[in-house]
Amino acid sequence: MTVADPRLTDAPAHSRTSLLGRRRKGRPPRYPRVAAYVALTKPRIVELLLITTIPVMLFAAGGLPSGWLILTTFVGGALSAGCANTLNCYFDRDIDALMKRTENRPLVTGLISPNQALVFATVLGLASTAIFVAFVNVLSAALALLAILLYVVGYTLLLKRRTSQNIVWGGVAGCMQVLIGWTAVRDSLDWAPFVLFGVIFLWTPPHYWPLSVRYREDYANAGVPMLPVVAKPTTVSRQIVLYTIAMVLCSLLLVPLGNAGVVYGVAALVLGVGFLVQTIGLHRRATRFERETGGRDAGTLEQLKQISPMGVFHGSITYLTLLSTAVAVDPFVSVGWPF
């Protein structure tokens, strides 16, 4: 049985002709069947989420938790994030068909049908909940379910297509892995995980908005009001700088509120200042771009690339990875402050 291409059924009428034309060119699908299901889970995003989970577990335990607890929390968290990402692909398949960055996703090409994706997401969600309840604890299971709800309903269905602040508040779902990692060890919450929650919440705009600048035309064509679509580059870059400053200050709160040691404190300061310098550079390039082109709509795509937003995007990943490493290492080094 041939599966109908969602790009031809869900896309606006004015875009269907071009989409059909692209299909007639016979571009081979990028994903084999098994890999297509994996692609629905957005493994790179899952990996980024889990980078923060395990270090928080080590910090919460003040050392190394049991290997079984780390494994079950890791698997449960990966399945939970995969469920949320698959549902995101399901609900966004119409706009994914209109964006070059996402036009080869399995639901867009028809390699996976919408019903198959729903079943797959349901299985992932149920498996995640079962693992958390059986091998971790009920609180972590509840937080994992809340994360799915926040991402699918809060971000995908309510915020993404309605407000330029979509990624700010929608980013709350991505912060939940920190709380899950902490409760997996402690079965309770404290100030420390909320500090790290705040760090990731404030990190999300400086991480995602540079990507949105790079793919601004994609989002504009799909009707998604990302901040770079509706605001000038300097407005976006200024917001990135301000969120970064707040993020760095929040990261330092783990010292007084979470009893983090010198290793973490020095790493948070050095990494934060380094990333802040990157964002200030982005703001300077955005200012120069506006001066040369007259605004966000006056320049060509090549001119827009001169802002080099992807450097900040990759820098944000490096920052979070190294900061999480400092969180993981700090309990083992146990270097206290001299005051």
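Counting restarts for each chain: residues are numbered from 1 in the order of the written sequence. Totals for whole chains, interfaces and linings use all residues, but because this is a predicted model, local features are given only for residues with pLDDT of at least 70 and pairs of side-chain atoms are given and counted only at 80 or more. Derived side-chain values reflect all non-hydrogen atoms in the structure, with water molecules and hydrogen atoms excluded from consideration.

What follows concerns the overall build of the protein chain. By definition, any uninterrupted DSSP run of H or I lasting at least four residues is a helix, any uninterrupted run of E lasting at least two residues is a strand, and each is numbered from the N terminus. When helices and strands are counted, the protein chain shows 19 helices and zero strands. Buried means the residue's accessible area, taken with a 1.4 Å probe over protein chains only, is under 20% of the maximum for its type, while exposed means over 50%, and partly exposed covers the values in between. Going through the 339 residues of the protein chain one by one, you find that 54% of them count as buried. Accessible surface is estimated by sampling points in the Shrake-Rupley manner with a 1.4 Å probe; for residues, cover comes only from the protein chains shown. Entry remark: accessible area of the protein chain is about 15,300 Å², with carbon and sulfur atoms responsible for 65%.

A word on the nonpolar core. Counting 91 residues, the largest nonpolar core has Trp209, Met247, Leu254, Tyr264 and Tyr319 as its most contacted members. Per element, the largest residue contribution to this core is 13 residues, and it comes from helix 12 (residues 191–214). When neighbours within four sequence positions are excluded, Met247 is seen to be in contact with Val199, Leu202, Trp203, Phe275 and Tyr319. Nonpolar cores were defined as sets of buried Ala, Val, Leu, Ile, Met, Phe, Trp, Tyr and Cys residues, with membership established by side-chain atoms within 4.5 Å. We call two residues contacting when some pair of their heavy atoms lies within 4.5 Å.

Cavities and pockets were defined on a 1 Å grid built over protein atoms only: a cavity is a set of grid points that admits a 1.4 Å probe from which the probe cannot escape, a pocket is an open set flanked by protein on both sides within 12 Å along at least five of seven lines, and lining residues are those with an atom within 4 Å of any such point. Grid points are joined across faces, edges and corners, and a volume is the space filled by probe spheres set on the points. This structure, assessed with the given rule, holds three cavities of 30 Å³ or more. Of the voids in this model, the largest cavity is the one considered here, and its volume is about 80 Å³. Forming the boundary of the largest cavity are Thr52, Pro55, Val56, Val178, Leu196, Val199, Ile200, Leu320, Leu323, Ser324 and Val327. Sorting the residues of the lining of the largest cavity by element identifies helix 4 (43–61), helix 12 and helix 19 (309–333) as the ones contributing at least two each. The element that contributes the greatest number of residues to the lining of the largest cavity is helix 19, accounting for four residues.

Averaged over all residues, the pLDDT of the protein chain equals 87, while 86% of them reach at least 70. Values of pLDDT, the confidence the predictor places in each residue, fall between 0 and 100. Put simply, helix 2 (residues 13–24) is where the protein chain has its lowest mean pLDDT, 40, and helix 8 (residues 114–136) is where it has its highest, 98. For the stretch residues 1–26, pLDDT sits under 50, and the model shows 33 contacts to residues farther than four places along the chain or on other chains.

Owing to its 3.6 residues per turn, the α-helix aligns residues three or four sequence positions apart on the same side. With 15 residues, helix 11 (residues 172–186) extends 21 Å from end C-alpha to end C-alpha; this agrees with the ideal 21 Å at 1.5 Å per step. Among the 15 residues that make up helix 11, twelve are buried, leaving the element largely enclosed by the rest of the structure. Every buried residue of helix 11 is listed here: Val172, Ala173, Cys175, Met176, Gln177, Val178, Leu179, Ile180, Gly181, Trp182, Thr183 and Ala184. On the buried face of helix 11, the contacting elements are helix 4, helix 5 (67–91), helix 8, helix 9 (138–159), helix 10 (166–170) and helix 12. Of the residues one or two after helix 11, Asp187 is the one with positive phi, at around 55°. To estimate how far a helix should reach, multiply one less than its number of residues by 1.5 Å.

Structurally, Ser140 can be placed in helix 9. For Ser140, a relative accessible area of 0% gives the class buried. For this analysis, a polar contact is any N or O atom pair within 3.5 Å, provided that within protein one partner can donate a hydrogen and the other can accept it, and provided that sequence-adjacent residues contribute only side-chain to side-chain pairs. Reaching out from Ser140, the side chain makes a polar contact with the side chain of Thr183 at a distance of 2.8 Å. Those residues in contact with Ser140 that sit more than four places away from it in its chain are Phe132, Ile180, Thr183 and Ala184.

Let's shift gears to the pattern of salt bridges. Put simply, a salt bridge is a Lys or Arg side-chain nitrogen that is within 4 Å of an Asp or Glu carboxyl oxygen. A complete count under the given rule lists four salt bridges for this structure. Residues Asp92 and Lys160 are paired through a salt bridge, measuring 2.7 Å at the closest nitrogen-oxygen approach. Within this pair, whereas Asp92 is found in the loop between helix 5 and helix 6 (93–96), its partner Lys160 is found in the loop between helix 9 and helix 10, the two being separated by 68 residues in sequence. Judged by relative accessible area, which is 0%, Asp92 ranks as buried. Overall, the relative accessible area of 8% leaves Lys160 in the buried class. Of the charged contacts, one joins Arg105 and Asp96 as a salt bridge, the two residues approaching to 3.2 Å between their closest N and O atoms.

Turning our eyes to something else, we now look at the packing of helix 11 against helix 12. Between two packed helices, both the angle of their axes relative to each other and the distance between the axes serve to describe the pair. In contact at an axis separation of 9 Å, helix 11 and helix 12 are set at 155° when each is read in the N-to-C sense. One way to sum up the angle between helix 11 and helix 12 is to call them roughly antiparallel. Seen from above, helix 11 lies across helix 12 with right-handed handedness. When helix 11 is examined against helix 12, the residues Val172, Gly174, Cys175, Met176, Val178, Leu179 and Trp182 are found in contact with a partner set consisting of Ala192, Pro193, Phe194, Leu196, Phe197, Ile200 and Phe201. Between N-to-C directions, angles cover 0 to 180 degrees, with each direction set by a line fitted to C-alpha atoms, over the stretch in contact for helices. We call two directions roughly parallel when the angle between them is under 35 degrees, roughly antiparallel when it is over 145, roughly perpendicular when it lies between 65 and 115, and oblique otherwise. Should the near helix be turned anticlockwise from the far one by less than a right angle, the crossing is left-handed, and should it be turned clockwise, the crossing is right-handed.

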